[in-house]
Amino acid sequence: MNAPPHLAGFLIKRQTSEGSTVSYQDRNIACRDCNREFVFTGGEQEFYASKGLMNDPVRCPDCRAARKSARSTLESDSGYVRYGGAASFSGRTPRQMHPATCATCGEMTEVPFIPRGDRPVYCSSCFSKVRQEQEAAAAAQPSPAPSAPPVELAER
Ligand SMILES: [Zn+2]
Ligand SMILES: [Zn+2]
């Protein structure tokens, strides 16, 4: 039997399969970013629990939205940024693939990082070829010459 949905309820009770009652009560949490208190509602807690998320949100909805929109910039600044519990909300695989063009054969491929143009991107078959060549080259010269020491600026 289902309890009638009650949108206004501050206390949401739920029967688990074991028969115990889990209740979710609205809680105030101080936002990590702006220090403002926000309400982590019983409904949200239930939603988090249904997703298997044990961590409480640490940011208010405003800051969460702000971070979400800043996400692409953050990613390109520091590689992958993890968003705690919220990261699995979309239900997608954690590795996001980015389209890229293979530097050797020109085929379109996908890579698990953002291609920045400072290093070539290869498709998987070219990548293994390049790897083999690099390994062969590394084996051919066991002691690579140390790179020139940084030039010091002469004091004047
Ligand atoms: Zn905030
Ligand atoms: Zn290729």
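Residues numbered from 1 in each chain as written. Chains lettered and ligands numbered in written order. Predicted model: local features only at pLDDT ≥ 70, side-chain atom pairs only at ≥ 80, totals over all residues.

Points about the overall build of the protein
Next, step 1: Along the protein, the regular secondary structure elements total 4 helices and 6 strands.
Next, step 2: Secondary structure elements in the protein, listed N-terminal to C-terminal, are β-β-β-β-α-α-α-β-β-α.
Next, step 3: Burial statistics for the protein: of 156 residues in total, 6% are counted as buried.
Next, step 4: Across the protein, every contact between residues at least 6 apart in sequence was considered, and the portion connecting residues at least 24 apart equals 30%. (Helix = DSSP H or I, 4+ residues; strand = E, 2+ residues; numbered from the N terminus. Buried ≥ 20, exposed ≤ 12 C-beta atoms within 10 Å, placed from the backbone. Contact = placed C-beta atoms within 7 Å.)

Side note on the confidence of the model for the protein
Next, step 1: Summary statistics for the protein give a mean pLDDT of 76 and a share of 61% for residues scoring 70 or more.
Next, step 2: Contacts of residues 76–89 to residues separated by more than four positions or lying in other chains number 13 contacts, the stretch itself having pLDDT below 50. (pLDDT = per-residue confidence, 0-100.)

Observations regarding the pairing of strand E5 (residues 98–101)
Next, step 1: With 4 bridges joining them, E5 and strand E6 (residues 108–111) adopt antiparallel strand pairing. Looking at E6, one finds that alanine 100 is bridged to threonine 109. (Pairing = 2+ DSSP bridges.)

What to know about the environment of proline 99
Next, step 1: Along the chain, proline 99 falls in strand E5.
Next, step 2: We classify proline 99 as exposed; it has 10 C-beta atoms within 10 Å.
Next, step 3: Taking the C-alpha atoms as reference points, proline 99 and phenylalanine 113, separated by 14 residues in sequence, lie 9.3 Å from one another.
Next, step 4: Those residues in contact with proline 99 that sit more than four places away from it in its chain are Met108 and Glu110.

Examining the environment of arginine 59
Next, step 1: Within the secondary structure, arginine 59 is located in the loop between helix H1 (42–50) and helix H2 (61–69).
Next, step 2: Taking the number of C-beta atoms within 10 Å as the measure of exposure, arginine 59 has 21 and is therefore buried.
Next, step 3: Here the alpha-carbon distance between arginine 59 and alanine 30, two residues 29 residues apart in the chain, equals 7.5 Å.
Next, step 4: Setting aside residues no more than four positions away along its own chain, arginine 59 makes contact with Cys31, Arg32, Asp33, Arg64 and Arg67.

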